[in-house]
Amino acid sequence: MKEKKGVTYDVDLTADDLKELAGQFKAEYKGKIGSDFPDDPKEQLMGAIKAVFRSWDNPRANVYRRDNDIPYSWGTAVNVQSMAFGNMGDDCGTGVAFTRDPATGERKLMGEFLVNAQGEDVVAGVRTPMPIAKMEQEFPEAFKEFTDVCKKLEDHYRDMQDMEFTVENKKLYMLQTRNGKRTAQAALKIACDLVDEGMRTEEEAVAMIEPRNLDTLLHPQFDATALKAATPVGKGLGASPGAACGKIVFSAEDAVEWHDRGEKVVLVRLETSPEDITGMKASQGILTVRGGMTSHAAVVARGMGTCCVSGCGDIAMDEENKKFTLAGKEYHEGDFISIDGSTGNIYDGEIATVDATIAGEFGRIMAWADKFRVLKVRTNADTPADAKKARELGAEGIGLCRTEHMFFEEDRIAAFREMICADTVEEREAALDKILPYQQGDFEKLYEALEGCPVTIRFLDPPLHEFVPTDEEDIEKLANAQNKSVDEIKTLIDSLHEFNPMMGHRGCRLAVTYPEIAKMQTKAVIRAAINVQKAHADWTVKPEIMIPLICDIKELKNVKKVVVETADAEIAAAGVKLDYEVGTMIEIPRAALTADEIASEADFFCFGTNDLTQMTFGFSRDDSGKFLDAYYDAKIFENDPFAKLDQTGVGKLMETAIKLGKPVNDKLHVGICGEHGGDPSSVEFCHKIGLDYVSCSPFRVPIARLAAAQAAINN
Ligand code: PEP
Ligand code: MG
């Protein structure tokens, strides 16, 4: 109608124009619904109320709730209020305002105002609103009243308010107020200011911050204006936060090569494997077609603090020809792509990124959080660099060092492959002798980085076939090193194939079949500890050796015997005194259910909730992304159990294990090192059931510290 009449604003239409429009809408209604638009105002009102209730179940609302941890079962409410009119003439208007700046937290009234308009005109952006300060000139009395109301509301709610209001014939009507959404930086500043203004206690300030939002302070982000102009072309799982922009490459080798010549790259893979590590390190971001929140790419990227979007099944991948199709467009090597590891969004082309800055308030809030929390916070770190970063971010120890991640580099993986492909114990021991100095060196650096804080080192866990070479050149290299033919090596590789490797020859089963691996790892741990202890008399270096994937006490006894004999011999040979602990991961339901037996042999338990979730649900941690969306749609699940701990089932197993284990061994200390260790609601659960610590990837350490404090404050 506006187009037809050549006018810009609703208010420029005449009464007859509006009548005509109303007639058109009524006809449209009748065409769709099959009956006349109701004339009875009560019926209209009920229709409107029902529409709001129906909106509870629209896809956008469902996604929003999932992202914000709001249970579906809460339902919603509808407020009915009488209308105030902002569009009855030039002594009317409408606006929205925040009592503090939601972007920076600065204490000043922020907002927008429109004369002769309704709220929708402000939101729809048809007319450009004026800054709220201008309202003072147009409506001095209403403005004065409004600022008084702002103060009253802030004093009452003791938080920044986001308000909507209308002025009808110069009289102010408040339509709604709520605690305003804010950036992480603003949240920290507002919380600190409220303490300084005497409005909040330190405890309340800590409780006000949404832990997950801290993520954005620790990673690069897309430039806000550039992002506004961009539309996503696809979506995967936001597996590791941050923003990345670069040229597409399809292999780890290319990533390294392009990186070395100064290019910024995004590595796009069907899925990643340990062989991709160096390429992942060289990339700004990682995008995978397959895999969930605990897939290799997700776990490793989070550990490295590199942005990762995983499981974007809409990508039609053609790795061989170095191209893929997404949203109808073909992408080739060298094309620009941008990915957001927090939202999972994928964008075509280049979006500028900015480095995150940590404001001074961050430290203040964290220091308060540390005062209130009971849970200790450790980190999952495999390299000295990760460990150092985690220490900077406040980690109080290493809860999980995945030793297999120490074998990825080229010269190491060669020795490791020789170990796997050995025919005899002697051959295997010879290969292990090559690996030992690498491991020992790494462990020494880890102990150094942790400055006497506890370090848990987990023995080799993954199925061995993950390490065998796949390309011809590497197979030949291995054959030469082993004095075997290429065919012999290929046969051996085939023999390692398993139908279900995650339930196959992995974890402590490797140490049971090849005790020499556990022996080598024990030697490396103990020798490293002795050396670092010697160099730092003021530290207590007390290694915690962790055996993965135990399901029966006898398994633990078997492996522990090897560890203890080797460790004691090393300590005796060195003529020193060194305490060490041997504990186990609890990541198989049977281990949790027989925890009273296991606790008699274990110095500590650490819940590996990635595997424990996988084995409790019977869902593959790498493949469940494929069907979980259907589960959300069907309201079977509200969350990914690999991201947010399933307290009802997996949690019950954890509680059971603690209840059974602690009475048998009163020194038993208990932690968690699955991905849930950095998830706020899971951290709260860990606090409630009495864990001693949570362990998470370095960049989630501040989140866990804050979540642990909130758990202590709220429980
Ligand atoms: C786990 O299973 O939760 C765990 C920490 O071990 P990984 O992820 O290495 O299997
Ligand atoms: Mg595990």
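Structure first, text after, so check above.
### A short note on the overall build of the protein chain
Looking only at helices and strands, the protein chain features 30 helices and 26 strands. Once the C-alpha set of the protein chain is aligned to its principal axes, its extents read approximately 95 × 60 × 50 Å. Looking at the protein chain as a whole, 51% of its 715 residues are labelled buried. Pairs at least 24 apart in sequence give 66% of the contacts found in the protein chain among residues at least 6 apart. Summing over all exposed atoms, the protein chain offers an accessible surface of approximately 32,900 Å²; the carbon and sulfur share of this is 51%. Of the charged side chains in the protein chain, 84 are positive and 120 negative; the average position of the first set lies 4 Å away from that of the second.

### Thoughts on the packing of helix α15 (residues 360-372) against helix α30 (residues 701-714)
Following both chains from N to C, one finds α15 and α30 inclined at 50 degrees, their axes separated by 8 Å at the closest point. By the criterion of interaxial angle, the relationship of α15 to α30 is oblique. The way α15 lies across α30 gives a crossing that is left-handed. Packed against α15, whose contacting residues are Phe362, Ile365, Met366, Ala369, Asp370 and Phe372, the element α30 presents Pro702, Arg705, Leu706, Ala709, Ala712 and Ile713 at the interface. Per-class residue counts for the contact of α15 with α30 are 10 nonpolar, no polar and 2 charged.

### Let's talk about unusual backbone geometry
Despite not being glycine, Asn169 has its phi angle at roughly 45 degrees, a positive value. On the basis of relative accessibility, which here comes to 40%, the residue Asn169 falls in the partly exposed class. Of note in this structure, Lys635 is not a glycine but carries a positive phi near 60 degrees. Along the chain, the position of Lys635 falls in the loop between α27 (625-633) and α28 (650-664). Residue Lys635 is classed as partly exposed on the basis of its relative accessible area, which comes to 34%.

### Observations concerning the coordination of the magnesium ion (ligand 2)
Ideal values for angles at a metal depend on the geometry: 109.5 degrees with four tetrahedral donors, 90 or 180 degrees with six octahedral donors. The coordination sphere of the magnesium ion (ligand 2) contains the protein donors Glu587 (OE) and Asp611 (OD), at a distance range of 2.0 to 2.2 Å. Of the two residues, Glu587 sits in the loop between β23 (581-586) and α24 (589-593) while Asp611 sits in helix α26 (residues 609-617), which places them 24 residues apart along the sequence. One exposure class covers both Glu587 and Asp611, and it is buried.

### Notes on the sheet that holds strand β1 (residues 93-98)
One open sheet holds the 5 strands; their spatial order is β3-β2-β1-β4-β5, and the pairing between them is antiparallel. The sheet terminates laterally at β3 (130-131) and β5 (171-179), the two strands that pair on one side only. Alignment of strand β4 (residues 161-168) against β5, held across 8 bridges, turns out to be antiparallel. Note that in β5 the partner of Glu164 across the bridge is Gln176. Contacting β1, β4 and β5, helix α7 (residues 140-157) crosses the sheet at an angle of about 25 degrees to β5.

### As for the packing of aromatic side chains
One pass over the full model with this rule turns up 17 aromatic pairs. Aromatic pair Phe113 and Phe165: ring centres 5.9 Å apart, planes at 10 degrees, arrangement stacked. Within this pair, whereas Phe113 is found in strand β2 (residues 110-115), its partner Phe165 is found in strand β4, the two being separated by 52 residues in sequence. In this structure Phe165 comes out as buried when scored by relative accessible area, which is 0%. Taking 4.6 Å as the distance between ring centres and 55 degrees as the angle between the ring planes, the aromatic pair formed by Phe416 and Phe467 counts as tilted. Of this pair, Phe416 sits in helix α17 (residues 410-420) while Phe467 sits in the loop between β21 (455-458) and α19 (472-482), placing them 51 residues apart in sequence. Connected via pairs of aromatic rings, a cluster forms that spans Phe617, Phe619, Phe627, Tyr631 and Phe637. The ring of Trp56 is capped by Arg65, whose NZ or CZ atom sits 3.7 Å from the centre of that ring.

### So, the pairing of strand β9 (residues 243-249)
Counting buried positions over the 7 residues of β9 gives 6, a clear majority of the element. In terms of strand pairing, β9 meets strand β16 (residues 336-340) through 5 bridges, oriented antiparallel. Residue pairing across strands places Ala243 opposite Asp340, the latter belonging to β16. Where β9 and strand β10 (residues 265-269) come together, 3 bridges link them in parallel fashion. Bridging from a neighbouring strand, Ile248 pairs with Val266 of β10. With helix α12 (residues 252-260) bridging β9 and its parallel neighbour β10, the resulting β-α-β unit is right-handed.

Reading guide: rules and limits
Residues numbered from 1 in each chain as written. Chains lettered and ligands numbered in written order. Predicted model: local features only at pLDDT ≥ 70, side-chain atom pairs only at ≥ 80, totals over all residues. Heavy atoms only, no water. Helix = DSSP H or I, 4+ residues; strand = E, 2+ residues; numbered from the N terminus. Buried < 20%, exposed > 50% of the residue type's maximum accessible area, 1.4 Å probe, protein only. Contact = heavy atoms within 4.5 Å. Areas by Shrake-Rupley, 256 points an atom, 1.4 Å probe, with all protein chains shown as cover. Lys, Arg positive; Asp, Glu negative; His and termini not counted. Charge placed at Lys NZ, Arg CZ, Asp CG, Glu CD. Axes fitted to C-alpha atoms, helices over the stretch in contact; angles between N-to-C directions. Parallel < 35°, antiparallel > 145°, perpendicular 65-115°, else oblique. Left-handed = near helix turned anticlockwise from the far one by under 90°. Nonpolar A, V, L, I, M, F, W, Y, C, P; charged D, E, K, R; others polar. Donors = N, O, S within 2.8 Å, 3.2 Å for Na, K, Ca; no water. Pairing = 2+ DSSP bridges. Phe/Tyr/Trp six-rings, centres within 6.5 Å; stacked < 30°, edge-to-face > 60°. Lys NZ or Arg CZ within 6 Å of the ring centre and 35° of its normal. Right-handed = clockwise from strand over helix to strand, strands pointing away.

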